[in-house]
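Commentary on secondary and tertiary structure
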Number of protein chains: 2
Amino acid sequence: MSTTPLAAPRRATITDVAREAGTGKTSISRYLNGEMSVLSPELRSRIEAAIERLNYQPNQMARGLKRGRNRLIGMLLADLTNPYSVEVLQGVEAACHALGLMPLICHAANEVEMERRYLQLLTTYRVEGVIVNALGVREETLRPVGGGGIPAVLVDRSVDGLVADMVGLDNRAAAELGTRHLLDNGFDDIWFVVQPFEQVSSRQLREAAFREVISGVGGARGHTLVLNLAEPAAVERALAELDRAIDADGGPGDAVASVTGNATSSVTVRTGGKASRIALFAANAPVALCLALHLKARYGADWQARVALLSIDDPEWAELTGITAIRQPTYEIGYRAVEFLHERIEGVQATARDCLLPGELIVRASTLR
Amino acid sequence: MSTTPLAAPRRATITDVAREAGTGKTSISRYLNGEMSVLSPELRSRIEAAIERLNYQPNQMARGLKRGRNRLIGMLLADLTNPYSVEVLQGVEAACHALGLMPLICHAANEVEMERRYLQLLTTYRVEGVIVNALGVREETLRPVGGGGIPAVLVDRSVDGLVADMVGLDNRAAAELGTRHLLDNGFDDIWFVVQPFEQVSSRQLREAAFREVISGVGGARGHTLVLNLAEPAAVERALAELDRAIDADGGPGDAVASVTGNATSSVTVRTGGKASRIALFAANAPVALCLALHLKARYGADWQARVALLSIDDPEWAELTGITAIRQPTYEIGYRAVEFLHERIEGVQATARDCLLPGELIVRASTLR
DNA sequence: CTGTTAGCGCATTCAG
DNA sequence: CTGAATGCGCTAACAG
């Protein structure tokens, strides 16, 4: 009774269990590691009982320290606010579960400094590998990772000068798919809207593919509009440019009764006349949302009659609002990333691999005229 | 030269640094812990140099094992797919950053089994505390947490039989606010739509408050519709019931040219006639989205003319679609949760506290007639 | 089959 | 001011 006051119910250790079971720590350890065949049934049940009685739970920190591996991997996300990230995460979690890994999820919230800090933290916690959906930063930040350091696989974007496996959307194909779809549906004036390229390879690839397709089609006009979502003033300016283009275009049908910009009272009658030739191609969901919000504010609830919107990423509101989208195989991206990482952790040496998964075009009313 | 082949660039340990700096481990340890005043400037710079040269990074696992605290806390989320979770997370991260804590984010993905597994995992990693946005499960699962076990604070929902701090929306007030708003705007037939109550206290509280307000107002009719989002068939049935009510209601204006249910060709002319008396009050964003998707599919793009929608939670698409919402102080909820937990970790003994934060009504076109 | 002995990397007395 | 010694909880050789 005088052993331990109820003050701090210190957690039982392997030693406690050994004593309680009247045996040595080794046997307990063996039990914990499933080496059942090496334990007499009798001892085994005594151990079981002791563990139960003491409500013992092995300390992973200590285990990790000893054996040099802790089954932890880091998952560094640039922006959880982007549905893309959450979806990828689901795949990551599933794969981790299947492979006996535990993902430490770190959210950089679009801040380079945060990214650096978390990477450092993951390193000090000796994670066995990291999956990183990097911000657009110099390879420098990722120095401790990849090549010389701990195994890493990149998601969605590659990083200049950083050799590592990478898995993501087949951006070329996706951008082509989207552009062709718009072209095929009679849109010959297409605005590709994208966040600042910075070092984000996926943005660059998407835009390049877009331009390439456009330039290969006579009579089609293509524009690239950079939308710096982090900079309200810049957004304002870019959208103004877009507005001018849309206004100049003259509108969708032959008869537009009225478009007041007041969402609650606009009355628009679409008569099925000649299609609008302008379409917006958003490079990802955040951009698409920004565009949609602006268009709705400017042209009213019926903004979709005025301009078509196609987005890479298929956020939950896409269906609701009827915009066309290219859905990324997010779950699989996450899953594959973990598989790659796992191989790497297990020592596979192959040269850096790229895994490009195809996107799926989901046609909705917005781009059908 | 024969010490370590380039094979496995083993990470430098404190011992390596000590040797490199020509001193003992203790001094390194002191340096790491910022006990600068106890080190001669000379030794100090030697240590600095050695650390730099070896690119040394202290092993947090070992530190944690030794000092008994690892600055880790668990953040268990029921469903990251719900924007609410992501927003709360932002607050959690900010607070952790400020308090020198590292959150381990665990995503139960609505699976009770996952929740149990993660809780167990967090325990074995000896996190100093956990913040849990629990699934609707029995206290049993959370046994290791709270009272006797590791400090815990609940977010959004309390758990029967589990005494712990809890922080979340003032559900009573929020539901009243929403209901009153609808009533004030002429809606006298209100459907409160909510996921199965199970053990989720917030759902119960919101619904109870709704009913209470309704029953206090003569002439107002209130219904509660349970929408089990995990069960497509059940959703189907519930929505059918709703449809009957809406159809019976007769529609919004005096003249409805045509409502075909085909989103791409519906032509509706709203003439500003008498308001529809039916309004839907969604208990949270996932429910609101489900409703909106259904209504759009059934009544066409102009579904909002037919029925009003108000939601607790203000998802990104709310503004776009113009539905009224009650925004939760998500960031603050997360922030406060960490603060509470931190106090607990530091040994504060006060009895379980409840922190109810107010929601903010954001009126949009949907509920204005 | 089972127990003893050494550390894993680090923080902490406790003597210099 | 500084360093040697001790052990956190656990696993991994080695002996019984």
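See the structure above.
Residues numbered from 1 in each chain as written. Chains lettered and ligands numbered in written order. Predicted model: local features only at pLDDT ≥ 70, side-chain atom pairs only at ≥ 80, totals over all residues. Heavy atoms only, no water.

A few points about the overall build of chain A
What chain A contains, in helices and strands, is 12 helices and 12 strands. Pairs at least 24 apart in sequence give 68% of the contacts found in chain A among residues at least 6 apart. If you sum the accessible surface of chain A, you get close to 15900 Å²; carbon and sulfur atoms cover 50% of it. (Helix = DSSP H or I, 4+ residues; strand = E, 2+ residues; numbered from the N terminus. Contact = heavy atoms within 4.5 Å. Areas by Shrake-Rupley, 256 points an atom, 1.4 Å probe, with all protein chains shown as cover.)

Some words on the nonpolar core
Ranked by internal contacts, the top residues of the largest apolar core, which has 56 residues, are Leu227, Leu280 and Leu291 of chain A together with Leu227, Leu280 and Leu291 of chain B. Once residues within four sequence positions are removed from consideration, leucine 280 of chain A is found in contact with Trp191, Leu242, Leu291, Leu295, Val307, Ala308, Leu309 and Leu310 of chain A. Judged by nonpolar contacts, the second largest core, of 54 residues, contains Leu72 and Ala108 of chain A together with Leu135 and Val159 of chain B. (Core = buried A, V, L, I, M, F, W, Y, C linked by side-chain atoms within 4.5 Å. Buried < 20%, exposed > 50% of the residue type's maximum accessible area, 1.4 Å probe, protein only.)

Things to note about the relation of the copies chain B and chain A
Relating one copy of the chain to the other takes a rotation about an axis and a shift parallel to that axis. Of the transformation superimposing chain B on chain A, the axial component is 0.0 Å and the angular component is 180°, with the fit at an RMSD of 0.1 Å. Expressed as a symmetry operation, the mapping of one chain copy onto the other fits a two-fold axis. The residues that chain B uses at the interface reappear at the interface of chain A in 100% of cases, marking a shared surface. (Least-squares fit on C-alpha atoms with pLDDT ≥ 70 in both.)

Considering the protein's contact with DNA strand C
Taken together, 25 residues form the shell around DNA strand C, and within it Thr23, Thr26 and Lys66 of chain A together with Ile14 and Arg63 of chain B come nearest. The sugar-phosphate portion of DNA strand C accounts for 55% of its atoms within 4 Å of the protein, the bases making up the rest. Take glycine 24 of chain A: an N or O atom from its main chain is 3.4 Å from a phosphate oxygen of DNA strand C. Within the side chain of arginine 63 of chain B, a nitrogen or oxygen atom sits 2.4 Å from a phosphate oxygen of DNA strand C. Listed by contribution, the elements that provide at least two residues to the surface near DNA strand C are helix H2 (25–32) and helix H4 (60–67) of chain A together with helix H2 (25–32) and helix H4 (60–67) of chain B. Broken down by element, the residue count for the surface near DNA strand C peaks at four residues, all from H2 of chain B. Looking at the surface near DNA strand C residue by residue, the class counts come to eight nonpolar, 11 polar and six charged. (Near = heavy atom within 4 Å. Polar contact = N/O pair within 3.5 Å; in protein donor to acceptor, adjacent residues only side chain to side chain. Nonpolar A, V, L, I, M, F, W, Y, C, P; charged D, E, K, R; others polar.)

Side note on the protein's contact with DNA strand D
The environment of DNA strand D is made up of 25 residues, and the closest members are Ile14 and Arg63 of chain A together with Thr23, Arg30 and Lys66 of chain B. Backbone atoms, meaning sugar and phosphate, make up 54% of the atoms of DNA strand D lying within 4 Å of the protein. Between DNA strand D and the protein, one listed contact pairs a base nitrogen with a side-chain N or O atom of lysine 25 of chain A at 2.5 Å. Between serine 27 of chain B and DNA strand D, the recorded distance is 2.9 Å, taken from a side-chain N or O atom to a phosphate oxygen. Within the residue set of the surface near DNA strand D, elements represented by two or more residues are H2 and H4 of chain A together with H2 and H4 of chain B. The element best represented in the surface near DNA strand D is H2 of chain A, accounting for four residues. Considered class by class, the residues forming the surface near DNA strand D number eight nonpolar, 11 polar and six charged.

What about the interface of chain B and chain A?
Contacts between the two partners involve 50 residues from chain B and, on the opposite side, 50 residues from chain A. For the chain B and chain A pair, buried surface summed over both sides reaches about 5100 Å², with 62% attributable to carbon and sulfur atoms. Counting across the interface, chain B meets chain A through zero salt bridges. Counting across the interface, chain B meets chain A through 16 residue pairs in polar contact (both at pLDDT 80 or more). Counting residues per element, the ones that place at least two in the side of chain B that touches chain A are H4, helix H5 (83–99), strand S2 (102–107), helix H6 (112–124), helix H10 (285–299) and helix H11 (316–321) of chain B. In terms of residues, the side of chain B that touches chain A owes the most to one element, H6 of chain B, which gives seven residues. Looking at side-chain class alone, the side of chain B that touches chain A contains 27 nonpolar, 15 polar and eight charged residues. (Buried area = accessible area lost by both parts, 1.4 Å probe. Salt bridge = Lys/Arg side-chain N within 4 Å of Asp/Glu carboxyl O.)

Overview of the sheet that holds strand S8 (residues 278–282) of chain B
Residue and element names in this part refer to chain B. Ordered in space as S7-S6-S8-S9-S10-S12, the six strands form an open sheet in which the pairing is mixed. Two strands bound the open sheet, and with one partner strand each, they are strand S7 (221–226) and strand S12 (360–362). Ignoring strand direction, the axes of neighbouring strands in this sheet form an average angle of 20°. Sitting on the sheet, H10 is in contact with strand S6 (189–194), S8 and strand S9 (308–312), with an inclination near 160° to S9. (Pairing = 2+ DSSP bridges. Axes fitted to C-alpha atoms, helices over the stretch in contact; angles between N-to-C directions.)

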